[in-house]
Structure formats: structure tokens, C-alpha cells
Amino acid sequence: MKKQLIQAGLKAIFPLCVGAFPFSFIVGAISINAGMSVLQSTLWSLTVFAGSAQMVALGLVQSSTEIIVIFVTTFVINLRHILYSASLSEYVKEYNMPTRMLMSYGLTDEVYAATIGEMKHEKPGRQWFYLAAMFGFWVNWVVADFCGAMIGSSFPHIADYGLDFAMVAAFIAIVIPQVKKRECIVAAVIATVTGILLSGLPYSLGLVIAAIVGVYAGYKMDISTERMEAETKAEAKKIILQELADEQQYQQALSSTTTINK
């Protein structure tokens, strides 16, 4: 079972690994152009493990921005991970603290998208599915950064080639099939529209706000759906009770009629 879950996790994350490789490759190349050594770039990618934050931080480093500004900016960009953690918390509470800490370290956009469906099923040992996907993506990310630091620096304008779109395309292909319920559709549409309208905000704040607004919209829709289902069940119960009462009255009337006839 454990081996099968590990294989399934690696299989689930593979398409996103293919899409993320060019993006991490670009991060590695740009980090060298920003003044890092190959070792520094690789270690940085190994410990940070956050593509968008790394890319923004590199731009700020190149513009000689103060470290506190870089820290705050990358923190804001990664605020969306709070939403991922909150979503997963219900399904990982049975695990011990070290396991949950390890799982939180690798909770990226891609890992969440590839594993949330499996984590919702209460199957024994499903943490191996998550950890396999997480480590598979992590190794892919670090190797791609290393290759970019070693080779990509020979192409000073590699960021302009549009290779990073491969990750976006792969991410969309993974996420869209999971958007089936009405609540998910509403959340996705509202988050998308909000993100587009707020795309001009600095430090990717539009993305964070769009995520929060989308989650709230989905939550309100879920509450509305539960209320409608509760009202429907109450109405159905009322009808059944009324039918039982009518049936009881009919039986009593029939019994009375039979008694009189006798």
C-alpha cells in the first residue's frame, strides 16, 4: 500500500514538475546574474522553495532594496499559503507535529493542487501520497535551479523567452478538472475576476486579495447551499409526517366505519 501511494503521488505531481522545471531554471539563471554563486543559488532554492517569492526577491536584490523590504514583500506574496494550510488542516490533524511541519514546508501551489483531492479521502497512509508528491516536486525544483545556475546564465535575457508559462499551463490543467461543485465554480470565477481587476497592485497583493475574496465567496455559497439543503430536508420531512398523519386518520376512519357496519 505504501509503495502504491508513493508511486501515485509521484505520478500526480509529474505534469507539474515538467511545467515547473523551466521556471526554476530561469530562477537559477537570474540568481547568477544577480551575483550569487552556483552553490548559493542551489542552497537558496533548496531552503526557500517558493518560485514567485524568489523571482520577486531577485528583482529587489538587483535594485539594491533594503532587506526588510524584501522580507515584507516576500511574506505578503506567500500569504496565500495560509489558505492552503487552513484547507488541509482538517485532513492532517491526525499526524504528529514533525510530520505536519514537514508537510507544511513543501506546501506549494502545485503540491496543494496535486494532493488535495487525495487528502480529502480518509484512506490510511495517505500522507505518503502527499510526501511523495512534495519531495518529487522539491527535487525537481532544486535540480532545475542548479541547471539554470550552471547553464542558463549563458543566456542573459532568458526570462524574456516565456518559458515560465509552462508551469502556468500545467497548473491550470491540474486545477480546472477539480472545479466541479457550484461553490468551487463561484469561488474560481470571483477570484479570477478580482485578480484581473487588481492585477496592478504592487507586491502581488492583487493575487492575495483575490484568493481571500474567492474563498469567502465560496464559503458564503457553501453556507447558502447547506441552508437550502436543510430547508429541503425539513420540507420533505414535513410532507412525510403529514402523509403519515393523513394515513393514520384514514385508517382510523376506516376502522370506525367497519365497527359501525358490524
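Procedures and definitions
- Sequence order sets the numbering: in each chain, residues are counted from 1 along the sequence as written.
- pLDDT decides what is reported in this predicted model: residues at 70 or higher carry local features, side-chain atom pairs at 80 or more are listed and counted, and totals for whole chains, interfaces and linings draw on all residues regardless.
- Based on all heavy atoms of the structure, the side-chain values leave hydrogens and waters out of the count.
- Helix axes are fitted only over the stretch in contact, all axes being lines through C-alpha atoms; the angle between N-to-C directions runs from 0 to 180 degrees.
- Counting from the N terminus, the helices are the DSSP runs of H or I reaching at least four residues and the strands are the DSSP runs of E reaching at least two.
- In these notes the angle categories are as follows: under 35 degrees is roughly parallel, over 145 is roughly antiparallel, 65 to 115 is roughly perpendicular, and the rest is oblique.
- What makes a crossing left-handed is the near helix being turned counterclockwise from the far one by less than a right angle; a clockwise turn instead makes it right-handed.
- In this description, contact between two residues means that some pair of their heavy atoms is separated by no more than 4.5 Å.
- Residue type decides the class: Asp, Glu, Lys and Arg count as charged, Ala, Val, Leu, Ile, Met, Phe, Trp, Tyr, Cys and Pro as nonpolar, and the leftover types, Gly among them, as polar.
- Note on ring pairs: Phe, Tyr and Trp rings are taken, using the six-membered ring of Trp, and paired if centres are within 6.5 Å. Classes follow the plane angle, with under 30 degrees stacked, over 60 edge-to-face and the rest tilted.
- Burial classification: accessible surface area is computed with a 1.4 Å probe over protein chains only, and a residue below 20% of its type maximum counts as buried, one above 50% as exposed, and the rest as partly exposed.
- A ring is scored as having a charge over it whenever the NZ atom of a lysine or the CZ atom of an arginine sits within 6 Å of its centre and within 35 degrees of its normal.
- We define the nonpolar core as a collection of buried residues of types Ala, Val, Leu, Ile, Met, Phe, Trp, Tyr and Cys that are connected through side-chain atoms lying within 4.5 Å of one another.

Caption draft 1: A look at the packing of helix H1 (residues 2–33) against helix H2 (residues 38–48). At a closest axis distance of 9 Å, the pairing of H1 and H2 adopts a crossing angle of 140°. Classified by the angle between their axes, H1 and H2 sit oblique to one another. Here H1 and H2 pass one another in a crossing that is right-handed. Facing Ser24, Val27, Gly28, Ser31 and Ile32 of H1, the residues of H2 in contact are Val38, Ser41, Trp44 and Ser45. Taken together, the residues that form the contact of H1 with H2 break down as four nonpolar, five polar and no charged.

Caption draft 2: Representation of the packing of aromatic side chains within the structure. For the structure on display, the rule yields six aromatic pairs. A ring pair is formed by Tyr84 and Tyr112, whose centres lie 4.7 Å apart and whose planes are at 20°; its orientation type is stacked. Taken together, the residues span a long stretch of sequence, with Tyr84 in helix H5 (residues 80–92) and Tyr112 in helix H7 (residues 109–119) at a distance of 28 residues. With a relative accessible area of 15%, Tyr84 lands in the buried category. Relative to Trp141, the ring of Phe137 has its centre 6.3 Å away and its plane inclined at 25°; by these criteria the two rings are stacked. Here Phe137 pairs with Trp141, and both are found in helix H8 (residues 126–150), just four residues apart, close to one helical turn. An identical accessibility class is assigned to Phe137 and Trp141; each is buried. Taken together through their ring pairs, the aromatic side chains of Phe23, Phe49, Tyr105, Phe137 and Trp141 make up a single cluster. Stacked on the ring of Trp128, the Lys or Arg Lys2 has its end atom at 4.1 Å from the ring centre.

Caption draft 3: Looking closely at the nonpolar core. Of all hydrophobic cores here, the largest spans 32 residues; its most connected members are Ile13, Leu88, Met103, Met119, Tyr130 and Phe137. Going through the elements one at a time, H1, helix H3 (51–62), H5, H7 and H8 are the ones with two or more residues in this core. Beyond its immediate stretch of four places on either side in the chain, Met119 contacts Leu88, Tyr91, Val92, Tyr95, Met103, Arg126 and Tyr130.

The quantities given are spatial measurements derived from coordinates; they are silent on function.
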